[in-house]
Amino acid sequence: MTGWFSFLHGEATAGDVLALARVEQVLRDAGAAYDVVWSPGFGADGTHFADVDPAAYSRLVFVCGPVHGSQVEELHRRFAHCVRVAVGVSVVDADSPAVTGFHRVLARDGAGHGPGLDLAARAPALPAVPVVGVVLTRGQHEYGGRRRHEEVAAVLTRWLAGRDCARLELETRLDAHDWRLCGTPAQLEAVLSRLDLVVTDRLHGLVLALRAGVPALAVDPVEGGAKVTAQARACGWPALVPAERLLEASVGGLAEGSAEGSAEVSAERTLERWWDWCLADGRAEAARIGSGFRAAESVPDGVPDAADGLVASLREASQAAAGR
């Protein structure tokens with residue numbers, strides 16, 4: 001089985017891969033054996049065209065996407081002896097060699113076809129995965145030589161790439177003109193409240209997640225600890241990793257069995273331990289803390305902040321200034 005997900009210069013979209021899963025389901029139910037060819041750029045460990053002996057196959061199925069262009073035409077030449085069927089495809093030009101080279105075209109749309117339901121719609125059900133907001137900064141140059149922001153971001157993003165989750169990069173900066181950014185705090189809170197977890201090295205990434213009742217795996221990117229550590233303590237939030245703990249080893253670049261390698265494993269285990277906690281007991285703890293924040297808006301004995309003492313400080317400072 002092939003598709004645009006098979007070509008070196010093609011691409012694998014979520015829709016393409018779900019369409020493939022639907023066709024695999026049909027073939028399995030029919031007891032038909034098959035192989036799937038993947039692009040080396042997406043499925044590095046899979047079967048690639050360079051590994052395939054066309055003589056070993058009698059049938060070729062092309063799944064999803066437009067049947068158009070030289071890469072599809074090359075399939076007809078290379079697998080000329082095979083019965084070739086396209087399924088769930090779009091027909092752009094019914095007279096093109098890419099289309100006419102197939103013995104059968106089961107199209108979803110195009111000249112004289114359909115429209116039919118896309119294959120992805122009836123693909124097998126998928127497992128649930130957590131939705132994770134990622135809020136990182138590479139700024140804060142006021143911390144000078146204690147900054148570890150670039151190193152922390154590199155380790156975190158490399159580690160996150162290996163997690164089975166839906167990652168959503170977020171920014172606390174507001175912009176009324178850039179459609180990619182939120183324009184109001186309410187818009188950002190609406191996004192945060194729908195997440196399962198936030199991974200962040202920003203103070204407000206931590207605070208706004210907890211305000212929304214969402215657990216945060218926080219990393220303080222300043223060596224020795226700074227405002228993220230202080231805020232985690234003020235919030236009573238335990239899921240905090242110091243920069244020096246995270247950077248004991250550079251993830252992925254160390255010899256197995258070395259002391260540095262042990263540190264790497266330890267750093268990853270620390271992240272994984274807090275990840276697991278955040279997605280389990282941390283949910284209730286974040287909800288409790290967020291509820292406390294909201295209660296403090298109207299309850300004088302709620303969670304204190306610096307604004308609680310502002311009016312008294314203004315009065316005292318004014319009196320002191322008048323008495324000079």
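Refer to the preceding data block for the structure.
1. Notes on the sheet that holds strand β1 (residues 2-3)
- Ordered in space as β1-β2-β3-β4, the 4 strands form an open sheet in which the pairing is parallel. Two strands lie at the open edges of the sheet, namely β1 and β4 (104-110), each paired on one side alone.
- In the sheet, β1 pairs with strand β2 (residues 59-66) via 2 bridges, with the strands oriented parallel. Paired with Gly3 across the bridge in β2 is Val63.

2. Here we look at the side chain of Arg84
- Note on placement: Arg84 falls in strand β3 (residues 83-91).
- Of the side chains bearing the opposite charge, Glu74 lies closest to the buried Arg84, which forms no salt bridge; the N-O distance is 11 Å.
- A distance of 3.0 Å separates a polar atom in the side chain of Arg84 from a polar atom in the side chain of His76.
- With near-sequence residues (within four places) excluded, Arg84 lies in contact with Leu60, Leu75, His76, Phe79, Gly101, Phe102, His103 and Arg104.

3. Side note on the sheet that holds strand β6 (residues 166-169)
- Pairing within the open sheet is parallel, and its 5 strands lie in the order β6-β5-β7-β8-β9. Because the sheet does not close on itself, it has two edges, and the strands there are β6 and β9 (240-242). Here the strands of the sheet are splayed against their neighbours by 20° on average, with no regard to which way each runs.
- Contacts from helix α4 (residues 149-161) reach β5 (131-135), β6, β7 (197-200) and β8 (216-220) within the one sheet, and its direction differs from that of β8 by about 150°.
- In this fold helix α6 (residues 203-211) packs onto β5, β7 and β8, with an angle of close to 165° to the strand it touches most, β7.

4. Thoughts on helix α2 (residues 70-78)
- Turning to α2, its buried residues are Val72, Leu75 and His76. Axial view of α2: buried residues confined to an arc of 95°, hence all on one face. When the buried face of α2 is taken as reference, the exposed residues oriented beyond 90 degrees from it are Ser70 and Arg77.
- Along its buried surface, α2 packs onto β1, β2, β3 and α3 (97-100).

5. Quick word on unusual backbone geometry
- The phi torsion at Cys64 lies on the positive side, around 70°, for a residue other than glycine.
- Residue placement: Cys64 occurs in strand β2.
- Judged by its relative accessible area of 4%, Cys64 falls in the buried class.

Calculation notes
- Residues numbered from 1 in each chain as written.
- Predicted model: local features only at pLDDT ≥ 70, side-chain atom pairs only at ≥ 80, totals over all residues.
- Heavy atoms only, no water.
- Pairing = 2+ DSSP bridges.
- Helix = DSSP H or I, 4+ residues; strand = E, 2+ residues; numbered from the N terminus.
- Buried < 20%, exposed > 50% of the residue type's maximum accessible area, 1.4 Å probe, protein only.
- Lys, Arg positive; Asp, Glu negative; His and termini not counted.
- Salt bridge = Lys/Arg side-chain N within 4 Å of Asp/Glu carboxyl O.
- Polar contact = N/O pair within 3.5 Å; in protein donor to acceptor, adjacent residues only side chain to side chain.
- Contact = heavy atoms within 4.5 Å.
- Axes fitted to C-alpha atoms, helices over the stretch in contact; angles between N-to-C directions.
- Arc of directions from axis to C-beta.

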